[in-house]
Amino acid sequence: MQIGRVLKSVWATKKDEQLNGLKFMTVSLRDTEMIAVDMVGAGVGDTVLITFGSSARKLSGYNIDAVICGIIDKIDNE
Amino acid sequence: MQIGRVLKSVWATKKDEQLNGLKFMTVSLRDTEMIAVDMVGAGVGDTVLITFGSSARKLSGYNIDAVICGIIDKIDNE
Amino acid sequence: MQIGRVLKSVWATKKDEQLNGLKFMTVSLRDTEMIAVDMVGAGVGDTVLITFGSSARKLSGYNIDAVICGIIDKIDNE
Amino acid sequence: MQIGRVLKSVWATKKDEQLNGLKFMTVSLRDTEMIAVDMVGAGVGDTVLITFGSSARKLSGYNIDAVICGIIDKIDNE
Amino acid sequence: MQIGRVLKSVWATKKDEQLNGLKFMTVSLRDTEMIAVDMVGAGVGDTVLITFGSSARKLSGYNIDAVICGIIDKIDNE
């Protein structure tokens with residue numbers, strides 16, 4: 001799982017119908033940028049927890065490979 | 001999921017018969033180039049949404065690992 | 001599977017309910033940092049064994065993609 | 001999916017019996033080299049289409065993670 | 001699948017009980033080092049074939065993501 005930061009919203013009118021209704025957002029992830037589907041009401045600027053692969057598929061119930069599944073409050077030394 | 005740009009068409013006469021009828025295209029993806037199967041009628045030059053792995057397999061119904069599943073209209077600050 | 005070192009704890013109050021009760025930790029992994037779920041009582045500073053992908057999902061029984069599944073005692077020439 | 005070039009044949013007498021009879025080949029892939037199983041009669045020097053992960057497993061029917069599933073004839077602007 | 005070289009043995013007394021009895025080894029892989037489970041009696045210094053992801057899981061029958069599944073004898077031009 002990765003720590004990401006939500007950057008922008010993605011608009012794709014023409015898409016596979018299995019993806020209708022999903023909220024796609026760009027996220028920065030270390031030194032790159034990718035797209036994840038938000039499942040927790042994340043907004044631009046939030047630091048988020050992102051899950052990938054078949055776990056993203058199973059967690060969301062959609063055929064996608066990256067899901068924003070948590071909003072990170074803090075990261076500390078326990 | 002990644003943001004890609006459609007570059008070219010790929011022709012492979014000799015291929016596993018499970019792949020017959022699919023439309024393979026090269027896409028640029030950050031600093032690399034790979035092949036994805038188009039499911040939404042994407043054309044050369046389009047900015048597209050690409051899904052990978054088992055989600056690409058499940059979304060398309062084919063044993064492939066990268067699918068063009070949306071055409072991106074715009075990316076903005078919500 | 002990767003060798004990682006446990007860095008910090010991650011707090012995410014707002015998250016998908018499927019993830020409730022899990023212990024998220026940041027781990028350093030070669031030259032990067034990511035998040036894994038601890039299944040073996042690992043603490044900050046421990047050198048750990050991390051499994052990814054569908055194996056992490058199956059091993060933990062949760063829809064996550066990275067699991068701390070062992071604490072490494074030593075690595076030697078057999 | 002990736003575009004690769006077939007480099008050499010790989011010989012491994014001692015291997016898991018589930019892998020008996022498969023034709024392993026090294027392929028160059030961007031700036032790296034890896035091993036894939038040939039399913040289409042590819043030869044050294046061919047430019048090929050390679051599929052990975054669970055799709056390679058399902059396409060081939062073997063527990064492998066990379067399959068040569070097509071021989072690329074040409075790549076053009078449609 | 002990747003070509004790796006077996007480096008060392010890994011000892012992890014405290015681990016998920018699903019992993020009991022497995023033989024973990026570090027392997028060098030291009031410019032990095034990771035851990036794989038040996039299924040073919042590989043020893044330190046051997047050049048090996050490594051499979052990843054769900055194929056490693058299925059091939060071994062364990063929830064792991066990297067398996068040493070062959071010992072490479074030679075790699076040549078067919």
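**Concerning the nonpolar core**
Here is a general trend for soluble globular proteins: nonpolar side chains tend to be buried in one another's company.
And then number 1: Grouped together as the largest cluster of nonpolar side chains are 70 residues, with contacts concentrated most on Phe24(A), Phe24(B), Phe24(C), Phe24(D) and Phe24(E).
And then number 2: The residues contacting Phe24(A), other than those within four sequence positions of it, are Lys8(A), Ser9(A), Val10(A), Lys15(A), Leu19(A), Ile35(A), Ala36(A), Val37(A), Met1(B) and Leu49(B).
And then number 3: Counting 14 residues, the second largest nonpolar core, distinct from the first, contains Val6(E), Ile50(E), Phe52(E) and Ala66(E).

**Observations regarding the interface of chain C and chain E**
And then number 1: Facing the 24 residues of chain C at the interface are 29 residues of chain E.
And then number 2: In total, about 2300 Å² of surface goes out of reach between chain C and chain E, with carbon and sulfur atoms giving 54% of it.
And then number 3: Linking chain C to chain E there are 0 salt bridges.
And then number 4: Here chain C and chain E share 14 residue pairs in polar contact (both at pLDDT 80 or more) between them.
And then number 5: Elements represented by at least two residues in the side of chain C that touches chain E include exactly β1 (2–11), β5 (47–52), α1 (53–60), β6 (66–71) and β7 (74–76) of chain C.

**Let's talk about the relation of the copies chain D and chain B**
And then number 1: The transformation that overlays chain D on chain B combines an axial shift of 0.0 Å with a rotation of 72°, and the residual RMSD is 0.0 Å. Within this description, the copies of the chain are treated as partners about a five-fold rotation axis. Taking C-alpha positions as reference, the residue of chain D nearest the rotation axis is Ser54(D), located at 5.3 Å.

Each value, and the rule that gives it
Residues numbered from 1 in each chain as written. Chains lettered and ligands numbered in written order. Predicted model: local features only at pLDDT ≥ 70, side-chain atom pairs only at ≥ 80, totals over all residues. Heavy atoms only, no water. Core = buried A, V, L, I, M, F, W, Y, C linked by side-chain atoms within 4.5 Å. Buried < 20%, exposed > 50% of the residue type's maximum accessible area, 1.4 Å probe, protein only. Contact = heavy atoms within 4.5 Å. Buried area = accessible area lost by both parts, 1.4 Å probe. Salt bridge = Lys/Arg side-chain N within 4 Å of Asp/Glu carboxyl O. Polar contact = N/O pair within 3.5 Å; in protein donor to acceptor, adjacent residues only side chain to side chain. Helix = DSSP H or I, 4+ residues; strand = E, 2+ residues; numbered from the N terminus. Least-squares fit on C-alpha atoms with pLDDT ≥ 70 in both.

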